[in-house]
Amino acid sequence: MTAYLDASGADAEQRRFVTDLHRDGVAVFDLGPEALELIDRATADAERFFRPGKRRAQDVWRRSQAVRALASHTKLTAMLALAYGRAPFAFQTLNFREGSEQHAHSDIAHFHSQPPRFMCGAWIALEDVAADAGPLFYHPGSHRERIFEMADAGVAGRRPKRGDYAGQYVEAFARQVTGDRRPALLRKGQVLVWAANTTHGGLAIQRPGATRRSLVTHFFFEDCVYYTPLYSRPETNQLYLRLPADVRTGGVVWPKRDGKPVPLGPRPLAQALRDKLGRIVRVD
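Residues numbered from 1 in each chain as written. Predicted model: local features only at pLDDT ≥ 70, side-chain atom pairs only at ≥ 80, totals over all residues. Heavy atoms only, no water.

Chemist: It is not clear to me how the overall build of the chain should be interpreted in this structure. Could you clarify?
Modeler: Within the chain, the secondary structure is distributed over 7 helices and 14 strands. Against the 2.2 N^0.38 benchmark of 19 Å for 284 residues, the chain shows a C-alpha radius of gyration of 18 Å, consistent with a compact globule. Out of the 284 residues in the chain, the part that is buried amounts to 51%. Within the chain, residue pairs in contact and separated by at least 24 positions form 82% of the contacts whose partners lie at least 6 positions apart. Roughly 13,000 Å² of accessible area belongs to the chain as shown, and the carbon and sulfur atoms make up 51% of that amount. (Helix = DSSP H or I, 4+ residues; strand = E, 2+ residues; numbered from the N terminus. Rg over C-alpha atoms; globule rule 2.2 N^0.38 Å. Buried < 20%, exposed > 50% of the residue type's maximum accessible area, 1.4 Å probe, protein only. Contact = heavy atoms within 4.5 Å. Areas by Shrake-Rupley, 256 points an atom, 1.4 Å probe, with all protein chains shown as cover.)

Okay, structure coming up:
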């Protein structure tokens, strides 16, 4: 890794980021003071999509230029390109006003790629995070664990269904989680990136009414096949393929294998068209 970073001309901040991500599966950096105005605009844009009792608004980037710009920020994408050696693209955003209180999980249940592990998440603090506001948590080093498949949760011999995640996967995954759990107490403008297989979630909110405004962005990388493991059977190469959006351009990124386009059926094509034409924002 040292030789790679030397050849890349990486500065001290970039070296620290890549080294931390490789070692821990998690790394933090700051977007800098020049990003604060964009963060404030993105925060204001997202407010109108929150509903009582709902914790998040998905894909606000389709209705907000500020959220789109923040999710595909040049410093963030440059850091990821250096760490992964491929061009990244954001394909989804999740805006939060309160803490998610989400169970421990790995994103590989939801998003994966061939070649494997060319996916990551980025959590941008839109305000300073207090310890009692339900901060993000993560398990350092968990990215090196064996990938936990749906078959490991007892869903074998058939293609998984939607109800299998809550009904089987969540509890089965929790039983195999090990290692230290650390909270992410970020300051406004800091970004925490986690590798695809890093175990993470949201701690309980200890102070009623506490906010934890944040923007989560999920990234794929170019020249890969993209699929949803939750509905796939990778052991038999039965993949639920995706045609992911490109947040920066508003278009899509066609999956490729060894530089050649991969054929897609009508389902991912139709879904991508519906999302684009409808500019859909999901609130849940």
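Read on, since the account is not over.
Chemist: When you look at the packing of helix α2 (residues 12-24) against helix α5 (residues 74-84) in this model, what are you seeing that I'm missing?
Modeler: Any two packed helices are characterised by how steeply their axes cross, that is the angle between the axes, and by the distance between the axes. The contact between α2 and α5 brings their axes to 10 Å, and the two run at 55°. Taken together, the axes of α2 and α5 are oblique relative to one another. The hand of the α2/α5 crossing is right-handed. Contact residues: α2 offers Glu13, Gln14, Phe17, Val18 and Leu21, while α5 offers Lys75, Met79, Leu80, Leu82, Ala83 and Tyr84. Of the residues that constitute the contact of α2 with α5, the class distribution is 8 nonpolar, 1 polar and 2 charged. (Axes fitted to C-alpha atoms, helices over the stretch in contact; angles between N-to-C directions. Parallel < 35°, antiparallel > 145°, perpendicular 65-115°, else oblique. Left-handed = near helix turned anticlockwise from the far one by under 90°. Nonpolar A, V, L, I, M, F, W, Y, C, P; charged D, E, K, R; others polar.)

Chemist: Mind showing me how you'd approach the packing of aromatic side chains here?
Modeler: To describe a pair of aromatic rings, you give the distance between the ring centres and the angle between the ring planes. Inspection of the entire model under this criterion finds 14 aromatic pairs. Judged by centre distance (6.2 Å) and plane angle (55°), the ring pair of tyrosine 84 and phenylalanine 118 falls under tilted. Taken together, the positions of tyrosine 84 in helix α5 and phenylalanine 118 in the loop between β4 (112-114) and β5 (119-125) put the pair 34 residues apart, joining distant regions of the chain. There is no split in this pair, since tyrosine 84 and phenylalanine 118 are both buried. Note on phenylalanine 118 and phenylalanine 221: the rings are 6.0 Å apart at their centroids and 65° apart in plane angle, and the pair reads as edge-to-face. Here the residue phenylalanine 118 occupies a position in the loop between β4 and β5, and phenylalanine 221 occupies one in strand β10 (residues 214-221), the gap between them amounting to 103 residues. Classification of phenylalanine 118 by relative accessible area gives buried; the value is 16%. The class for phenylalanine 221 is buried, based on a relative accessible area of 0%. Here the aromatic residues Phe89, Phe91, Phe111, Phe220 and Tyr226 are joined through ring pairs into a cluster of three or more. Residue placement shows arginine 86 over the ring face of phenylalanine 118; its charged tip is 4.3 Å from the ring centre. One residue, arginine 267, lies across the ring of tyrosine 240, its end atom 3.7 Å from the ring centre. (Phe/Tyr/Trp six-rings, centres within 6.5 Å; stacked < 30°, edge-to-face > 60°. Lys NZ or Arg CZ within 6 Å of the ring centre and 35° of its normal.)

Chemist: Would you mind showing me how to read the sheet that holds strand β6 (residues 136-138) here?
Modeler: Think of a sheet as strands paired side by side through backbone hydrogen bonds, with each pair either parallel or antiparallel. The 3 strands are arranged β7-β6-β9 in an open sheet whose pairing can be described as antiparallel. Single-partner strands in this sheet number two, and they are β7 (182-183) and β9 (200-202). (Pairing = 2+ DSSP bridges.)

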